[in-house]
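Residue-level structural notes
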Amino acid sequence: MSFGLDGKVAIVTGASRGIGQAIAEAYAREGAKVVVASRDLARVAPVAEAIQAAGGDALAVACHTGDEAQVKALVQAALDTYGRVDIAVNNAGTNPYFGPTLFADDGIWSKTLDTNVLGYMRVIRAAVPALQQVGGGKIINLASTAGINPMPGLGVYAVTKAAVIHMTKVLAQELGGLNIQVNAIAPGVIRTKFSRLLWDTPEISERVLRGTPAGRIGEVEDVVGAALYLASPLSDYTTGTVMVMDGGALLGSVEG
Ligand SMILES: NC(=O)c1ccc[n+]([C@@H]2O[C@H](COP(=O)([O-])OP(=O)(O)OC[C@H]3O[C@@H](n4cnc5c(N)ncnc54)[C@H](OP(=O)(O)O)[C@@H]3O)[C@@H](O)[C@H]2O)c1
């Protein structure tokens, strides 16, 4: 099956490792030109180099999504290099705090909201005019199952991911007339640096596994299928949705 990404241009934020890297590599394998971004060019450049070495086309750009000017420059770099933007993947996320929500101070709230919510909006604001130039496109927001059901210790993060899900629905309504589809991906626990505490702390990972019918921690490749579908013309009549890949964890404990 072809995902129809040949000749398309995709921007992926937070692509220096983890889920963003896997999504960028998958898009490149399907023929898209990918603009991979992270805060540090030295960390993200090797991802572009590996894509090129595998026969794909990629550009690495340093972009902190907390800085509107850098986000605008990211979209401009895609336009300057490839002449168009068809797909924007909001993936750069953060979680600086694990603990009771009551004890999270304003600094923690500001940092988490700024990256996970305002950062996504900055990318969308910058990308929409470019998507309009090609008659429409795709916006894909990495949410989390924590944005659907709270997870212990992850309250602040969960609130921002719930906001991402609602942002997705709001913008799907507002941008539908521009032929821009806006969808969210909500993974459960996926084995990356970001989630290390959850899969590498025995007491926590045992609890996660007990609550996951699939009986294993997710891998980045488990997220790629949804990201391909939502970037593809196959999903042109799908907007405002949340695709969950959590091994069934939202269903509750496998032990009843
Ligand atoms: N892993 C999970 O279990 C899981 C579950 C549900 C949802 N998610 C979501 O999936 C997304 C990716 O997570 P991941 O697990 O792949 O995390 P990760 O391995 O830690 O990767 C995060 C990426 O984001 C970049 N980044 C962080 N803050 C940034 C900022 N302000 N501006 C630009 N880039 C930034 C990092 O690169 P630099 O350090 O080079 O900037 C890195 O490339 C996040 O939105 C996360 O909330 C993850």
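A brief report on the enclosed structure follows. Sequence order sets the numbering: in each chain, residues are counted from 1 along the sequence as written. Restriction of local features to residues with pLDDT of at least 70 applies here, the model being predicted, together with a cutoff of 80 or more for giving and counting side-chain atom pairs; totals for whole chains, interfaces and linings are based on all residues. Only hydrogens and water are removed before side-chain values are computed, so all heavy atoms of the structure are retained for them.

A look at the overall build of the protein
Heads up, the rule is: Only runs of H or I of at least four residues qualify as helices and only runs of E of at least two qualify as strands under DSSP, and these elements are numbered from the N terminus. Only C-alpha atoms enter the radius of gyration, while the globule expectation follows 2.2 Å times N to the 0.38, with N the number of residues. Classification of residues uses two cut-offs on accessible area relative to the type maximum, computed with a 1.4 Å probe and protein chains only: under 20% is buried, over 50% is exposed, and between them is partly exposed. We call two residues contacting when some pair of their heavy atoms lies within 4.5 Å. Methods summary: accessible areas were calculated by the Shrake-Rupley approach with a probe of 1.4 Å, and residue burial reflects only the protein chains presented. In this charge count, Lys and Arg are treated as positive and Asp and Glu as negative; neither His nor the chain ends contribute. Lysine's charge is taken at NZ, arginine's at CZ, aspartate's at CG and glutamate's at CD.
Looking only at helices and strands, one finds eight helices and seven strands in the protein. Its C-alpha atoms give the protein a radius of gyration of 17 Å, near enough to 18 Å, the size a compact globule of 256 residues would have. In the protein, which comprises 256 residues, the share counted as buried stands at 51%. A separation threshold of at least 6 residues defines the contact pool for the protein, and within that pool the share at least 24 residues apart is 71%. As presented, the protein carries roughly 11,200 Å² of accessible surface, and 55% of it is formed by carbon and sulfur atoms. Taking the 20 positively charged and 23 negatively charged side chains of the protein as two groups, their mean positions are separated by 1 Å.

Quick notes on the site of the ligand
Note the cut-off: By convention in these notes, a residue is near a molecule or strand provided one of its non-hydrogen atoms lies within 4 Å of it. Whenever a nitrogen or oxygen atom comes within 3.5 Å of another N or O atom, the pair is scored as a polar contact, on the condition that within protein one atom can donate a hydrogen and the other can accept it, and that pairs from neighbouring residues in sequence are kept only if both atoms are in side chains. The nonpolar class holds Ala, Val, Leu, Ile, Met, Phe, Trp, Tyr, Cys and Pro. Asp, Glu, Lys and Arg form the charged class, and all remaining residues, Gly among them, are polar.
Surveying the vicinity of the ligand reveals 29 residues, the closest of which are Ser 16, Ser 38, Arg 39, Tyr 157 and Thr 192. Contact distances for the ligand include 3.0 Å between an oxygen atom and a side-chain N or O atom of Lys 161. When its residues are assigned to classes, the shell around the ligand shows twelve nonpolar, 13 polar and four charged.

Side note on the environment of Thr 65
Among the structural elements, Thr 65 can be located in the loop between β3 (57–62) and α3 (68–82). Thr 65 sits 31 residues away from Pro 96 along the chain, and the two C-alpha atoms are 16 Å apart. Every residue in contact with Thr 65, bar those within four places of it in the chain, is listed here: Thr 13, Val 71, Ala 92, Thr 115, Gly 119, Arg 122 and Val 123.

Section: the environment of Val 164
With respect to the helices and strands, the residue Val 164 is situated in helix α5 (residues 155–175). Given a relative accessible area of 0%, Val 164 falls into the buried group. Sequence separation between Val 164 and Ala 143 is 21 residues, and the spatial gap between their C-alpha atoms is 5.9 Å. Once you skip the residues sitting within four places of it in the chain, Val 164 turns out to touch Asn 116, Tyr 120, Asn 141, Leu 142 and Ala 143.

A closer look at the packing of aromatic side chains
Which entries qualify depends on this criterion: Note on ring pairs: Phe, Tyr and Trp rings are taken, using the six-membered ring of Trp, and paired if centres are within 6.5 Å. Classes follow the plane angle, with under 30 degrees stacked, over 60 edge-to-face and the rest tilted. By definition here, charges over rings are those cases where NZ of Lys or CZ of Arg is within 6 Å of the ring centre and within 35 degrees of the ring normal.
All chains considered together, the criterion is met by one aromatic pair. Consider the rings of Tyr 157 and Phe 194, whose centres lie 5.6 Å apart with planes at 50°: the pair is tilted. Here the residue Tyr 157 occupies a position in helix α5, and Phe 194 occupies one in the loop between β6 (180–187) and α6 (196–200), the gap between them amounting to 37 residues. Exposure remark for Tyr 157: the relative accessible area of 9% places this residue in the buried category. Over the ring of Trp 199 we find Arg 191, and its NZ or CZ is 5.4 Å from the ring centre.

Re helix α8 (residues 221–231)
When α8 is considered as a whole, its buried residues turn out to be Val 223, Val 224, Ala 226, Ala 227, Leu 228, Leu 230 and Ala 231. Looking at the buried positions of α8, the neighbouring elements they touch are α1 (18–29), β4 (87–90), β5 (137–142), β6 and β7 (242–245).

Structural notes on α1
Basically, it comes down to this: Multiply 1.5 Å by the residue count of a helix minus one, and that product is the helix's expected span.
Between its first and last C-alpha atoms α1 spans 17 Å; for twelve residues at 1.5 Å apiece the expected length is 16 Å, and the two agree. For α1, every residue scored as buried is listed here: Ile 19, Gly 20, Ala 22, Ile 23, Ala 24, Ala 26, Tyr 27 and Ala 28.

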